[in-house]
Amino acid sequence: MTALKDRYIRFDWAIKRLLRQKANFDVLEGFLTVFIGEKVKIVDILESEGNQQAQDDKFNRVDIKAKNSKGEIIIVEIQNTSELYYLERILYGVAKAITEHINLGNTYQEVKKVYSISILYFDLGQGADYLYVGQNDFVGVHTKDHLKISRKEEGAIVQRFPSEIFPTYYLVRVNNFNEVAKSPLEEWIKYLKDGVISAETTAPGLREARQKLQYYSMDDAERHAYDEHINAVMIQNDVLGNARQEGLEEGLAKGRDERSLEIAKSLLDMGVAIDKIMNATGLDEEQIRSMK
């Protein structure tokens, strides 16, 4: 019975259906606090693509856009399948968020910091880590010092690094996590990967998630919709996995054929007998004779 009670909803479904509700902000706030590294207080959920209950994006991509108490914009996106120009798309999404939340006639002082957190269930690029952070910085070409800029905040002149103004990107490569969960960050990654939340967790947001994201706390209709969502994710991953494997095998076979033809041509030019070339390459007599 304990195992049944400790079954938790996937985070993409929680974002789609539960974490937009003010009563559940504490789960999202805890998640953001752990990843961003400072206390986050959500004051509003903004309109985003993930707000729409469209059938065609219900399992591929889910996102939520929020505003914190400092007026900063935070985008959390969960991507279940690979996308060729993924970095370009999140760059566009951040640029769009910046321009959408500044009014015509405002000064550039009104431009807000944006955090983009991407939770990825596919292999993006090559790298050994499970968490990558991208920030803008300006480094002296000759002096190697980091530029600071002056700006006016609340009547005072303060020094800021450009990284405090430009967007910050987090790429969470969930499948690369294979650690024992000890820190709050690792506990969150463990939940994102395996759906496991320790009963002893003290990680911000996960304590609340243990109560609010239980599978058996949903009614029958909600559980059915959730199960259909999980089934769609599994089917899509299976189809894409098979397609990749078939493409790989086809590519290898083509490569072997091309290499065999190259070897056969070289042996033929050296005057090696056709029957010996056939044995060496696996090609038939007609293929070899056509090279003469």
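That block above? That's the structure.
Residues numbered from 1 in each chain as written. Predicted model: local features only at pLDDT ≥ 70, side-chain atom pairs only at ≥ 80, totals over all residues. Heavy atoms only, no water.

Quick word on unusual backbone geometry
A positive phi is found at K144, a non-glycine position, where the angle reads about 65°. With respect to the element layout, K144 can be found in the loop between β5 (131-135) and β6 (149-153). (Helix = DSSP H or I, 4+ residues; strand = E, 2+ residues; numbered from the N terminus.)

With respect to the pattern of salt bridges
Counting across every chain of the model gives eleven salt bridges. For the salt bridge of R10 with D12, the shortest nitrogen-to-oxygen distance reads 3.0 Å. Relative accessible area serves as the criterion here: at 23%, R10 is assigned to the partly exposed category. Notably, a salt bridge pairs K65 with E100, separated by 3.2 Å at the nearest N-O pair. (Salt bridge = Lys/Arg side-chain N within 4 Å of Asp/Glu carboxyl O. Buried < 20%, exposed > 50% of the residue type's maximum accessible area, 1.4 Å probe, protein only.)

Here's the deal with the packing of aromatic side chains
Applying the stated criterion across every chain, the model contains twelve aromatic pairs. Between the aromatic rings of F11 and Y191, the centroid separation amounts to 6.1 Å while the plane-to-plane angle is 85°, which identifies the pairing as edge-to-face. Note that F11 is positioned in helix α2 (residues 11-17) and Y191 in helix α5 (residues 184-194), a separation of 180 residues in sequence. Given a relative accessible area of 3%, Y191 falls into the buried group. Where W188 meets Y191, the ring centres are 5.8 Å apart and the plane angle is 70°; that geometry is what we call edge-to-face. With W188 and Y191 both in helix α5, this residue pair falls three residues apart, about one helical turn. By way of ring pairs, the aromatic residues F11, F31, F35, W188 and Y191 are connected into one cluster. Here the guanidinium or amino end of R10 rests over the ring plane of Y121, the centre of that ring lying 5.1 Å away. Stacked on the ring of Y115, the Lys or Arg K113 has its end atom at 5.1 Å from the ring centre. (Phe/Tyr/Trp six-rings, centres within 6.5 Å; stacked < 30°, edge-to-face > 60°. Lys NZ or Arg CZ within 6 Å of the ring centre and 35° of its normal.)

Here's the deal with the pairing of strand β8 (residues 168-173)
Among the six residues of β8, six are classified as buried, and the element is accordingly described as predominantly covered. In β8, alternate side chains face the same way, and those of T168, Y170 and V172 on one face and Y169, L171 and R173 on the other are all buried. Here strand β4 (residues 114-120) runs beside β8; their pairing, made up of six bridges, is parallel. Its bridge partner lying in β8, Y115 is registered against T168. Bridge analysis of β5 against β8 gives five bridges, and the strand direction is antiparallel. Each bridged residue has a counterpart across the sheet, and for L131 the counterpart in β8 is V172. (Pairing = 2+ DSSP bridges.)

Details of the packing of helix α3 (residues 25-36) against α5
Running from amino to carboxyl end, α3 crosses α5 at an angle of 125°, the nearest separation of the two axes being 9 Å. Of the possible angle classes, the one that applies to α3 and α5 is oblique. Here α3 and α5 pass one another in a crossing that is left-handed. For the pair α3 and α5, contact is made by V27, G30, F31, V34 and F35 and by P184, L185, W188, I189 and L192, respectively. A breakdown of the residues in the contact of α3 with α5 according to their chemical character gives nine nonpolar, one polar and no charged. (Axes fitted to C-alpha atoms, helices over the stretch in contact; angles between N-to-C directions. Parallel < 35°, antiparallel > 145°, perpendicular 65-115°, else oblique. Left-handed = near helix turned anticlockwise from the far one by under 90°. Contact = heavy atoms within 4.5 Å. Nonpolar A, V, L, I, M, F, W, Y, C, P; charged D, E, K, R; others polar.)

Brief notes about the layout of surface pockets
Picture a little ball the size of a water molecule; that probe, rolled over the atoms, points out where space is still empty. Looking at the largest pocket, its volume works out to about 650 Å³. Every residue lining the largest pocket is counted, 22 residues in all, and those nearest its centre are E72, K113, R151, E153 and E164. Elements that contribute at least two residues to the lining of the largest pocket include exactly β5, β6 and β8. Counting residues per element, the lining of the largest pocket draws most heavily on β6, which supplies three residues. (1 Å grid on protein atoms, 1.4 Å probe; cavity = no way out; pocket = protein on both sides within 12 Å on 5 of 7 lines; lining within 4 Å. Points joined across faces, edges and corners; volume = space filled by probe spheres on them.)

With respect to the nonpolar core
Ranked by internal contacts, the top residues of the largest apolar core, which has 48 residues, are F11, F31, L32, F35, I119, W188 and L192. Of the residues forming this core, the biggest block, eight residues, is contributed by α3. In contact with F35, not counting residues within four places along its chain, are I117, L131, Y170, V172, L185, W188, I189 and L192. Listed in part, the eleven residues of the second largest apolar core include I73, I90, V114 and Y169. (Core = buried A, V, L, I, M, F, W, Y, C linked by side-chain atoms within 4.5 Å.)

Structural measurements only, silent on function.
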